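So you can see what is in the structure, the chains are spelled out below.
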Amino acid sequence: MDHSSERSFSSQDYANINALWASLIIEECTRLGLTYFCVAPGSRSSPLAIAASTHLLTTCIACFDERSLAFHALGYARGSHKPAVVITSSGTAVSNLLPAVVESSEDFVPLLLLTADRPPEMHDAGANQAINQNLSPVKVFSNVNHFGYFVRFFFGLPAPTDHVPARMILTTLDSAVYWATSSPCGPVHINCPFREPLENSPKEWAFSCLKGLDSWMSSVKPFTKYIQLQHSHASDDSQGQMGEVIEVIQGAKQGLLLIGAIHTEDDIWAALLLAKHLCWPVVADILSGLRLRKLSTSFQEIENKVLFLDHLDHALLSDSVRAWVQADVIIQVAQEISSLIHSGSFLTEPYVANLILEALTHDSALFIGNSMPIRDVDMYGRNWACCTRSIGDTILRLGLPFHWIAVSGNRGASGIDGLLSTAIGFAVGCNKRVLCVIGDVSFLHDTNGLAILNQR
């Protein structure tokens, strides 16, 4: 949708400098494509919460538990492939974000954290709810922010003042989002201290702080534009590396293709094309989506040409299988290129994992919890028997034999916390019906996430 003719930034509507700075932050977020805001309660973050909730292009969701809220944002980013924005108050509210920040960092999921804070004069002065949100309390993390090395970028803004050019706010936010979405993707943190008044009480501020923003205020584009330069020597180096890979493949006598966690349709199709071209045995991780593939009825013979080793880890318990799988070349592709099962009278974990796909359709997705659930599905999950004619026709035109199910999970740090919240966020982000499979302890650990589900 083109909003260029219907909106631009106006400085006339802001009662005080806090409201102005908060609105500049939220406006720049929307111009960068970040429109999903996860807001925790708290008075110190009121300027940011008000600015986010009153913006025409934002969607805001609230939760009383910052830990669940952050995992919800993580799930949204997994499903939508763009960062969600988390807004919290000051103090330990910020510390509660750490588990989701660790998972985001370890699994390369972009997040933007906007944490409100007390102004500098209230720190180390006995003021209530004023902790050091800029430096990590762990000594090994000296001179780094509250989340240590788990964030890709950190900046502590000054308290809002008209003595600081407002464009500094915009360039800081642009830098943060650039780092969050550049390889390796991950969380970024901007600390935002606010003095009172935290509400919209009128207090004069000097318009001179907006100097240099005339063009920005009359447009809908971000203040800073980052351009990826393509150097010729880098291109030559890339071609040289690819040449080495092709040479290794051509010299392989018995290759094996490993397909790891893949999150985009473009990457999954590329992996399938590679498998079809190489004709090597394929071992697909459960998070690749290819373990839950659906065969086209017109392409049944492809299953004989592309050998999927769906339970290789289980099969390797056999000495004969280990002797057979003696690949001289193994290529791993990831992001950026039994009696227990059939026990009809007992509801066992392997039996449930084997039947999960009967509850899924081609336009749905699966979120798997850690500990035993992902091990069970990886060990006993199976592919569909066949797919419908309409889906098969589409796949035929692409020259590919399968339709795949999007599968996700928190495998960065592989914790059992925040899984319900992440699954709910994943459903919002990918805009699909999601089946969540988690253990009982994981469920009890994140029941606060159900509060977010009630808002959907």
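The following refers to the structure shown. The model shown is predicted, which means the values in this text are computed figures rather than measured ones.

The rules we used
- Residues numbered from 1 in each chain as written.
- Predicted model: local features only at pLDDT ≥ 70, side-chain atom pairs only at ≥ 80, totals over all residues.
- Heavy atoms only, no water.
- Helix = DSSP H or I, 4+ residues; strand = E, 2+ residues; numbered from the N terminus.
- Buried < 20%, exposed > 50% of the residue type's maximum accessible area, 1.4 Å probe, protein only.
- Pairing = 2+ DSSP bridges.
- Right-handed = clockwise from strand over helix to strand, strands pointing away.
- Axes fitted to C-alpha atoms, helices over the stretch in contact; angles between N-to-C directions.
- Core = buried A, V, L, I, M, F, W, Y, C linked by side-chain atoms within 4.5 Å.
- Polar contact = N/O pair within 3.5 Å; in protein donor to acceptor, adjacent residues only side chain to side chain.
- Disulfide = S-S within 2.5 Å.
- Phe/Tyr/Trp six-rings, centres within 6.5 Å; stacked < 30°, edge-to-face > 60°.
- Parallel < 35°, antiparallel > 145°, perpendicular 65-115°, else oblique.
- Left-handed = near helix turned anticlockwise from the far one by under 90°.
- Contact = heavy atoms within 4.5 Å.
- Nonpolar A, V, L, I, M, F, W, Y, C, P; charged D, E, K, R; others polar.
- Salt bridge = Lys/Arg side-chain N within 4 Å of Asp/Glu carboxyl O.
- Patch = residues over 30% accessible without salt bridge, like charges linked within 9 Å, V, L, I, M, F, W, Y side chains within 5 Å.
- Areas by Shrake-Rupley, 256 points an atom, 1.4 Å probe, with all protein chains shown as cover.

This paragraph deals with the overall build of the protein. Within the protein, the secondary structure is distributed over 18 helices and 14 strands. Here the protein, with 456 residues, has 50% of them falling under the buried criterion.

The pairing of strand S5 (residues 153–156) with strand S6 (residues 187–193) spans four bridges and is classified as parallel. Bridging from a neighbouring strand, Phe155 pairs with Ile190 of S6. At this point the chain moves from S5, through helix H6 (residues 167–181), to the parallel S6, and the crossover so formed is right-handed.

Sheet architecture is open: six strands sit in the order S2-S1-S3-S4-S6-S5, paired in parallel fashion. Sheet topology places strand S2 (59–62) and S5 at the edges, where each strand pairs with a single neighbour. Neighbour-to-neighbour, the strand axes of the sheet open up by a mean angle of 15°, direction not taken into account. Relative to strand S3 (residues 84–88), strand S1 (residues 36–39) is paired through three bridges, and the arrangement is parallel. By the bridge assignment, Cys38 is partnered in S3 with Val86.

If you look at soluble globular proteins, the nonpolar side chains tend to sit buried side by side. By size, the foremost hydrophobic cluster in this structure holds 41 residues, and its most contacted members are Leu20, Ile25, Ile87, Leu112 and Leu114. Elements with a minimum of two residues in this core: helix H1 (17–31), S1, helix H2 (46–54), S3, strand S4 (111–117), H6, S6 and helix H7 (214–217). Top element by residues in this core is H1. It accounts for eight residues. Among the nonpolar cores identified, the runner-up in size contains 26 residues, and Cys38, Ala77, Val94 and Val101 belong to it.

With respect to the helices and strands, Phe308 occurs in the loop between helix H10 (302–305) and helix H11 (312–315). The buried category is assigned to Phe308, whose relative accessible area is 9%. Separated by 18 residues in the primary sequence, Phe308 and Leu290 have C-alpha atoms spaced 9.2 Å apart.

To continue, consider the side chain of Arg67. Inspection of the secondary structure puts Arg67 in helix H3 (residues 66–80). There is a polar contact of 2.6 Å between the side chain of Arg67 and the backbone oxygen of His445.

This part takes up the state of the cysteines. Taken as a whole, this structure holds zero disulfides when the rule is applied. With no disulfide of its own, Cys192 lies closest to Cys29 among cysteine sulfurs, the gap being 9.4 Å.

Below, the discussion takes up the packing of aromatic side chains. The relation between two aromatic rings is expressed through the spacing of the ring centres and the mutual angle of the planes. Using the criterion set out here, one finds five aromatic pairs in the structure. An aromatic cluster of three or more residues is present, and its members are Tyr178, Trp179 and Tyr226.

Our focus in this paragraph is the packing of H1 against H2. As a packed pair, H1 and H2 sit with axes 8 Å apart at the nearest point and diverge in direction by 50°. Put simply, H1 runs oblique to H2. The hand of the H1/H2 crossing is right-handed. When H1 is examined against H2, the residues Asn18, Ala22, Ser23, Ile25 and Ile26 are found in contact with a partner set consisting of Pro47, Leu48, Ala51 and Ala52. Among the residues forming the contact of H1 with H2, the class breakdown is seven nonpolar, two polar and no charged.

Next up on the list: the sheet that holds strand S11 (residues 364–368). Across the sheet, which stays open at both edges, the three strands sit in the order S13-S11-S14 with parallel pairing between neighbours. Both outer strands of the open sheet, strand S13 (406–408) and strand S14 (433–437), are each paired with one neighbouring strand and no more. Averaged over all pairs of adjacent strands, the angle between strand axes in this sheet comes to 20°, irrespective of strand direction. Alignment of S11 against S14, held across five bridges, turns out to be parallel. Along S14, the bridge assignment pairs Phe367 with Cys436. The sheet strands contacting helix H16 (residues 419–430) are S11, S13 and S14, and the helix crosses S11 at an angle near 160°.

Summed over all chains, the structure comprises four salt bridges. Its salt-bridge partner being Asp107, residue Arg78 comes within 2.9 Å of it at the nearest N-O pair. Taken together, the residues span a long stretch of sequence, with Arg78 in helix H3 and Asp107 in the loop between helix H5 (98–106) and S4 at a distance of 29 residues. The burial state of Arg78 is the same as that of Asp107; both residues are buried. Each of the salt bridges in this network shares a partner with another, and the network as a whole consists of Arg78, Glu103 and Asp107.

Another point: a nonpolar patch on the surface. Residues Phe443, Leu444, Leu450 and Leu453 make up a contiguous nonpolar surface patch of roughly 360 Å² in combined accessible area. Among the secondary structure elements, those contributing two or more residues to the nonpolar patch are helix H17 (440–445) and helix H18 (450–453). Here Leu453 lies in helix H18.

Scope: geometric values only; no functional claims are made or implied.
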